Amino acid sequence: MYKTIIRPLFFSFDPEKIHHFTFSMVRFFHKIGFGSIFRSIYKIEDPKLERELFGLKFPNPVGLAAGFDKDAKLYKELSNFGFGFIEIGTVTPKPQAGNEKPRLFRLKEDSAIINRMGFNNGGVEEAVERLKENPKGIGRVLIGGNIGKNKVTPNEEAVNDYIICFDALYDYVDYFVVNVSSPNTPNLRELQEKRPLTELLQTLQDRNKAMSARNESKTCKPILLKIAPDLTNDQLLDIIDIVSETKIAGVIATNTTISRDELTSEKQKEMGGLSGKPLTNRATEVIRFLSEKSNKSFPIIGVGGIHSEEDALEKLDAGASLVQLYTGFIYEGPGLIKRINKAILKRT
């Protein structure tokens, strides 16, 4: 029903406007009691799907990638569609409007999306207030916090923005993701170079240890790095070295790409990051490279071009421990989450 009725209807409207409309509709249906119905349709609960990774227990290995619920407005409702974890953000210290509209484009012929949103969000404090409503114990949603810098913050001061977000979210997220790979904030990707990236991650790790000691916690919060699919093999080897040196928890591979290879849609000329099916193979290649060259020394969350259960299984086979959806969720609907989890169960 989603692909034959709902998606064609949604795709006849502006992508950003329909995104906000969909949020309103999902919230409305939950308010009138549909949450339990969605859970019964889409959620699979089975101990065989559980994954323990960097000290956390994930109910299942299929998560929602950052960018969909930037401001932590709908994480509870979205979890009812079967996701094992929800990643909010990217959040920045101060609210920012993002880039000028239009900034979100569907490439229907390529089953892809181009976005140049520019970290539009209400600021980290606004997200924290919503995350305070996430209950502890039964019913709690496992949350990742994706953090970035404000557009007006120069790169030489970027570490301060990441520290502000880290401190504010520390008590309310289960893991952190450092985003230096979005192509939509000017010069942000320069932070992926070995020296500035090592300094940034080491600073956050030192902060992590201090926060853990303050809270008398035996373990630090997992910090992961989200990388671009456009890195060269030499740069990926640098990433492996950086993970080893800073001892962060793992890597998310990958973010959107600036490549436009083999696209057919006229909208391919739009500036921004490309996600969806065209990214499937490259994201898997990056996962496999990192896994093999590091001798599987750190966990990888695989994301990029997952539009079917086969796509998800390929990323798991390549070395990913968990997977995340974004564009595939939009194109295929919530049934994709259930199909992936069922396919994983068939293998166990």
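Anything mentioned here points back to the structure above.
Conventions and cut-offs
Residues numbered from 1 in each chain as written. Predicted model: local features only at pLDDT ≥ 70, side-chain atom pairs only at ≥ 80, totals over all residues. Heavy atoms only, no water. Pairing = 2+ DSSP bridges. Helix = DSSP H or I, 4+ residues; strand = E, 2+ residues; numbered from the N terminus. Axes fitted to C-alpha atoms, helices over the stretch in contact; angles between N-to-C directions. Buried < 20%, exposed > 50% of the residue type's maximum accessible area, 1.4 Å probe, protein only. Lys, Arg positive; Asp, Glu negative; His and termini not counted. Salt bridge = Lys/Arg side-chain N within 4 Å of Asp/Glu carboxyl O. Polar contact = N/O pair within 3.5 Å; in protein donor to acceptor, adjacent residues only side chain to side chain. Contact = heavy atoms within 4.5 Å. Phe/Tyr/Trp six-rings, centres within 6.5 Å; stacked < 30°, edge-to-face > 60°. Parallel < 35°, antiparallel > 145°, perpendicular 65-115°, else oblique. Left-handed = near helix turned anticlockwise from the far one by under 90°. Nonpolar A, V, L, I, M, F, W, Y, C, P; charged D, E, K, R; others polar. Arc of directions from axis to C-beta. Core = buried A, V, L, I, M, F, W, Y, C linked by side-chain atoms within 4.5 Å. Right-handed = clockwise from strand over helix to strand, strands pointing away.

**Remarks on the sheet that holds strand β12 (residues 300-303)**
Then step 1. Taken together, the eight strands give a closed barrel; going around it, the order is β3-β4-β7-β8-β9-β10-β12-β13, and neighbouring strands pair in parallel fashion. When the angles between neighbouring strand axes are averaged without regard to direction, this sheet yields 25 degrees.
Then step 2. Where strand β7 (residues 143-147) lies against strand β8 (residues 175-179), four bridges are found, and the strand directions are parallel. Bridge pairing links isoleucine 147 to valine 178 in β8.

**Some thoughts on the side chain of lysine 149**
Then step 1. Summarising the element assignment, lysine 149 is placed in the loop between β7 and α6 (158-169).
Then step 2. Aspartate 161 provides the closest opposite charge to the buried, salt-bridge-free lysine 149, at an N-O distance of 6.2 Å.
Then step 3. Here the side chain of lysine 149 touches threonine 153 through a polar contact of 2.5 Å, landing on its backbone oxygen.
Then step 4. With sequence-adjacent residues up to four places away left out, lysine 149 is seen in contact with Thr92, Gln96, Phe119, Asn155, Ala158, Asp161, Tyr162, Thr185, Pro186 and Leu188.

**What about the sheet that holds strand β5 (residues 104-107)?**
Then step 1. Judged by pairing direction, the sheet is antiparallel, and its three strands sit side by side in the order β5-β6-β11 without closing on themselves. For this open sheet the edge positions go to β5 and β11 (273-276), each flanked by a neighbour on one side alone. Adjacent strand axes in the sheet meet at a mean angle of 20 degrees, parallel and antiparallel pairs treated alike.

**What to know about the packing of aromatic side chains**
Then step 1. Taken as a whole and assessed by the stated rule, the structure comprises 16 aromatic pairs.
Then step 2. Their ring planes at 65 degrees and their centres at 6.4 Å tell us that phenylalanine 85 and tyrosine 175 sit as a pair that is edge-to-face. A residue pair is termed long-range when its members are at least 10 positions apart, and phenylalanine 85 in strand β4 (residues 85-91) and tyrosine 175 in strand β8 qualify at 90 residues. Across this residue pair, the class does not change: phenylalanine 85 and tyrosine 175 are buried.

**A closer look at the environment of valine 91**
Then step 1. Among the secondary structure elements, valine 91 is positioned in strand β4.
Then step 2. Note: C-alpha distance between valine 91 and glutamine 202 (111 residues apart in sequence) is 20 Å.
Then step 3. In contact with valine 91, other than residues within four places in its own chain, are Lys70, Asn121, Val124, Ala127, Asn146, Ile147, Gly148, Cys165 and Leu169.

**Some words on the packing of α6 against helix α7 (residues 194-214)**
Then step 1. Contact geometry for α6 and α7: axes closest at 10 Å, N-to-C directions at 30 degrees. Judged by the angle between their axes, α6 and α7 are roughly parallel. The handedness of the crossing between α6 and α7 is right-handed. Across the interface between the two elements, Val159, Tyr162, Ile163, Phe166 and Asp167 of α6 pack against Leu200, Thr203, Leu204, Arg207, Asn208 and Met211 of α7.
Then step 2. Here the residues of the contact of α6 with α7 sort into seven nonpolar, two polar and two charged.

**Comments concerning helix α5 (residues 124-131)**
Then step 1. Along α5, the residues that are buried comprise Val124, Ala127, Val128 and Leu131. In a view along the axis of α5, the buried residues occupy a sector of 105 degrees, so they form one face of it.
Then step 2. At its buried positions, α5 is contacted by α4 (75-79), β4, β7 and α6.

**Quick word on the nonpolar core**
Then step 1. The biggest cluster of nonpolar side chains holds 85 residues, and the ones touching the most others in it are Tyr162, Ile227 and Leu290.
Then step 2. For this core, the leading source of residues is α6, giving seven residues.
Then step 3. With near-sequence residues (within four places) excluded, tyrosine 162 lies in contact with Ile147, Gly148, Lys149, Val178, Asn179, Val180, Leu188, Leu191, Leu200 and Leu204.
Then step 4. Counting residues in hydrophobic clusters, the runner-up holds 14 residues, among them Leu56, Phe58, Ile301 and Val303.

**Regarding the pairing of β12**
Then step 1. Both faces of β12 are covered, namely the face carrying Ile300 and Gly302 and the face carrying Ile301 and Val303.
Then step 2. Sheet topology places strand β10 (residues 250-253) next to β12; three bridges connect them, and they run parallel. The residue bridging valine 251 from the neighbouring strand is isoleucine 300, located in β12.
Then step 3. Bridging between β12 and strand β13 (residues 322-325) involves three bridges; their strand directions are parallel. Paired with glycine 302 across the two strands is valine 323, which belongs to β13.
Then step 4. With helix α10 (residues 309-318) bridging β12 and the parallel β13, this β-α-β connection has right-handed handedness.

The analysis is restricted to geometry; functional conclusions fall outside its scope.
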